[in-house]
Amino acid sequence: MIDYGPFWKTLHESKETTYTLIYKHRISSATIDKLRKNKPMNTTTINDLCRILGCRIEEIAQYIPSEKDQFL
């Protein structure tokens, strides 16, 4: 499972807020909701968040093994 918990810590430590992400950087409120609910999102959005926050991908998301993971 991809967990976006690190994103919230990184956002808190930055000068940005969810408000500035939405209104200044044009990140959709649906994307913020996906981050809150650990829902899938594309790598372009993750790239945008890294650029905006000046961080590495590890500061946005982490993989946590889960029984809910799809078996291949």
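For the structure itself, consult the block above.
Residues numbered from 1 in each chain as written. Predicted model: local features only at pLDDT ≥ 70, side-chain atom pairs only at ≥ 80, totals over all residues. Heavy atoms only, no water.

(A) Layout of the nonpolar core. Grouped together as the largest cluster of nonpolar side chains are 16 residues, with contacts concentrated most on Tyr4, Phe7, Leu21, Leu35, Leu49, Leu53 and Ile60. When contributions to this core are tallied by element, the ones reaching two or more residues are α1 (5–13), α3 (29–36) and α4 (43–53). If you tally residues by element for this core, the top one is α4, at five residues. (Core = buried A, V, L, I, M, F, W, Y, C linked by side-chain atoms within 4.5 Å. Buried < 20%, exposed > 50% of the residue type's maximum accessible area, 1.4 Å probe, protein only. Helix = DSSP H or I, 4+ residues; strand = E, 2+ residues; numbered from the N terminus.)

(B) Structural detail: unusual backbone geometry. Phi is positive for Arg26, which is not a glycine, with a value near 60°. By the secondary structure assignment, Arg26 is in the loop between α2 (18–23) and α3. Note on Arg26: relative accessible area 67%, which makes it exposed. We note that Asn38 has phi near 55°; this positive angle belongs to a residue other than glycine. Residue position: Asn38 is located in the loop between α3 and α4.

(C) Highlighting the side chain of Glu16. The topology assignment puts Glu16 in the loop between α1 and α2. Of note is the side chain of Glu16, whose polar atom sits 2.6 Å from the side chain of Thr20. At 3.3 Å, the side chain of Glu16 forms a polar contact with the side chain of His25. Setting aside residues no more than four positions away along its own chain, Glu16 makes contact with Leu11, Lys24, His25, Ile52 and Leu53. (Polar contact = N/O pair within 3.5 Å; in protein donor to acceptor, adjacent residues only side chain to side chain. Contact = heavy atoms within 4.5 Å.)

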